[in-house]
Each structure stands twice: as structure tokens, then as C-alpha cells.
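# A structural walkthrough
If you want the building blocks of each chain, they are given just below.
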Amino acid sequence: MRKTRLLEVLSDKSSIGEKHYKPYAPYLLTVFFFILTCNLIGLIPVFPGGANVTGNINITFFLAICTMLAINIFANKEYWKEIFWPEVPLFLKAYPVPVMPVIELFGVFTKPFALMIRLFANMMAGHAVILSFTCVIFLGWSMGVGFGLGLNAFSIIMLLFMNALEVLVAFVQAYVFTMLSAVFIGLAHKDHHAE
């Protein structure tokens, strides 16, 4: 019961659709737990050198490519019809320049790009702030004992706060990447509704 509920929450039946969510659930759960595990391991300062895997643009690029493939390879014909022949006036999709198909085709690549940059930037920013507070300790001691004691106290309090915040961010970033992937996959399986 619990496993089924977690699967439904992370694969978001409302985003993908009741008929289409089960084939994508293993992928979405894998991505969620991979990002979460990497984010939490990245908070340990000595393992693996204090580096966060999702703070590397190559890893987020690979995750975005996997989502893009899941979206575009298994999309239905209505998705591709909306990209190449959207329901807009004829002059927007064919004459003299096909504006809307170009914009829609550009959207095929911007969705995964947004996933990649958002995850990378958020994880990198948190680690950059933690590193800057660590550097304040050394900066304070180079200015003298008085500055060193004051800045050390401030820096330690802020480091504890930022590490606690990074634990929350680790969960949120994994959840948001998974949910946005589910939404984008759901858009590729949207059924055509006659008006």
C-alpha cells in the first residue's frame, strides 16, 4: 500500500494521466532517488571530497537528455501534431514563415534545458554559499584575533543553518525535477479533445 502511494505521488497520475503513468513510474522513481541520494551524499564534507554530483552540469545534462528521450520517443501523434501543425491560424503555421512550428520545435529542446540548468544552478548555488561561509573563517583569522573570533561564531552559525537548508533543498530539488519530468511526459500524452 505504501509503495503504491509513493509511486502514485512521484509519478503524478494527474500530470501523466491515469492510462499512461505506469510505464514511466520506474524511470521517475529512479531519477528521484538518484538525485536525492547524490544530493545527500554531497552534503558529507569528506565523501567524495565534498563534491555534489548534481552540482556537475554533465550529470544534469544526462538526466535532462534521458527525460527528453522519454518525452519524445514515446509521445503520441497528437503531441507531434501540436508541434508541426498546431491549431493556430494558417498564417502562423505556414505562410510566409512557419512561426509556430519553429517555436514549438524549439520548445522540445528548451524543456530539458530548463530541467538541466535549474537543477545544476540550485545545487551549485547552495554549495557556493557554504564554501563562502567556510572561507569567511580563514578571512577573519587573517585580519586578527578579534575579527577571527567574531567571524568564526557568525560563520559556524551560518554553516549549520545552510547545511540544514541544503538537506531541505536536496529533497525539494529531487521532487521538482521528478514532477517537472512527469508534467513534460504528460504533455506528450495529452489526448485530443474535440470542442
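Residues numbered from 1 in each chain as written. Predicted model: local features only at pLDDT ≥ 70, side-chain atom pairs only at ≥ 80, totals over all residues. Heavy atoms only, no water.

### Structural notes on the overall build of the protein
Applied cut-off: Secondary structure elements are taken from DSSP: a helix is a run of H or I of four residues or more, a strand is a run of E of two residues or more, and numbering for both begins at the N terminus. Using a 1.4 Å probe on the protein chains alone, a residue whose accessible area is under 20% of its type maximum counts as buried, one over 50% counts as exposed, and one in between counts as partly exposed. Contact definition: two residues touch when any of their heavy atoms are within 4.5 Å. All accessible-area figures derive from a Shrake-Rupley calculation using a 1.4 Å probe, and residue coverage is judged against the displayed protein chains alone.
Within the protein, the regular secondary structure consists of 8 helices and 0 strands. The order of α-helices and β-strands along the protein, N terminus first, is α-α-α-α-α-α-α-α. The buried share among the 195 residues of the protein stands at 37%. Within the protein, contacts between residues at least 6 apart in sequence are counted, and of these 66% link residues at least 24 apart. As displayed, the protein has an accessible area near 11,600 Å², and 77% of this comes from carbon and sulfur atoms.

### A look at the packing of helix α5 (residues 77–84) against helix α7 (residues 99–143)
The following threshold applies: Only the stretch in contact is used when fitting a helix axis, every axis being a line fitted to C-alpha atoms; angles between N-to-C directions are given from 0 to 180 degrees. An angle counts as roughly parallel when it lies under 35 degrees, as roughly antiparallel when it exceeds 145, as roughly perpendicular when it falls between 65 and 115, and as oblique in every other case. Only Asp, Glu, Lys and Arg are considered charged in this grouping, and only Ala, Val, Leu, Ile, Met, Phe, Trp, Tyr, Cys and Pro are considered nonpolar; every other residue, Gly among them, is considered polar.
Orientation of α5 relative to α7, taken along the N-to-C sense of each, is 125 degrees, at an axis distance of 6 Å. Looking at the two axes, α5 sits oblique to α7. Two secondary-structure elements touch here, α5 through Tyr79, Glu82, Ile83 and Phe84 and α7 through Met100, Pro101, Glu104, Leu105, Val108 and Lys111. Along the lines of polarity and charge, the residues of the contact of α5 with α7 split into 7 nonpolar, no polar and 3 charged.

### Quick notes on helix α3 (residues 21–41)
Quick reminder of the rule: Expected span of a helix, by definition, is 1.5 Å for each gap between consecutive residues, and there is one gap fewer than residues.
With 21 residues, α3 should cover 30 Å at 1.5 Å per step; its first-to-last C-alpha distance of 29 Å lies within 8% of that length. All of the buried residues along α3 are Tyr21, Tyr24, Ala25, Leu28, Leu29, Val31, Phe32, Ile35, Leu36, Cys38 and Asn39.

### A word on the confidence of the model for the protein
Selection criterion: Confidence scores per residue from the predictor, reported as pLDDT, run from 0 to 100.
Scored by pLDDT, the protein comes out at a mean of 80, with 88% of its residues at no less than 70. The lowest-confidence element of the protein is helix α1 (residues 2–11), averaging 57 in pLDDT; the highest-confidence one is helix α4 (residues 57–73), averaging 92.

### Regarding α5
The test is simple: Arc definition: directions from the helix axis to the C-beta atoms.
Buried within α5 we find Glu78, Tyr79 and Ile83. Buried positions in α5, seen along its axis, are confined to an arc of 140 degrees and lie on one side of it. Close packing links the buried residues of α5 with α4, α7 and α8 (145–187).

### Here's the deal with a nonpolar patch on the surface
Counted only if it meets this: For patch detection, residues must exceed 30% relative accessible area and be free of salt bridges, and they are connected within 9 Å for like charges or within 5 Å for nonpolar side chains (Val, Leu, Ile, Met, Phe, Trp, Tyr). What makes a salt bridge here is a side-chain nitrogen of Lys or Arg within 4 Å of a carboxyl oxygen of Asp or Glu, nothing more.
Nonpolar side chains collect at one region of the surface, where Phe84, Trp85, Leu90, Leu105 and Phe109 lie side by side and expose about 520 Å² of accessible area between them. Looking at where Trp85 falls in the secondary structure, it is placed in the loop between α5 and α6 (90–93). Accessibility expressed as a relative area gives 43% for Trp85, which makes it partly exposed.

### Points about the packing of α4 against α7
Rule in force here: Helix crossings are classified by the rotation of the near helix relative to the far one: an anticlockwise turn of less than a right angle makes the crossing left-handed, while a clockwise turn makes it right-handed.
Close contact between α4 and α7 brings their axes to 8 Å; oriented N to C, the two are set at 150 degrees. Seen from above, α4 lies across α7 with right-handed handedness. For the pair α4 and α7, contact is made by Ile57, Thr60, Phe61, Leu63, Ala64, Thr67, Met68 and Asn72 and by Val108, Phe109, Pro112, Leu115, Met116, Ile117, Leu119 and Phe120, respectively.

### Topic: the environment of Leu168
Along the polypeptide, Leu168 turns up in helix α8. Taking relative accessible area as the criterion, Leu168 reaches 49% and is therefore assigned partly exposed. In sequence terms Leu168 and Leu40 are 128 residues apart; their C-alpha atoms lie 9.7 Å from each other.

### What to know about the packing of aromatic side chains
Stated formally: Each Phe, Tyr or Trp ring, with Trp reduced to its six-membered ring, pairs with another whose centre is within 6.5 Å; inter-plane angles below 30 degrees give stacked pairs, above 60 give edge-to-face pairs, and intermediate values give tilted ones.
Here the structure, examined in full by the defined rule, presents 3 aromatic pairs. Aromatic side chains Tyr24 and Phe74 sit 6.5 Å apart centroid to centroid with 70 degrees between the ring planes, which places their arrangement in the edge-to-face category. A residue pair is termed long-range when its members are at least 10 positions apart, and Tyr24 in helix α3 and Phe74 in the loop between α4 and α5 qualify at 50 residues. Given a relative accessible area of 52%, Phe74 falls into the exposed group. Measuring from centroid to centroid gives 5.1 Å for Tyr79 and Trp80, while their planes differ by 75 degrees, and the two rings are edge-to-face. With relative accessibility at 28%, the residue Trp80 sits in the partly exposed group.

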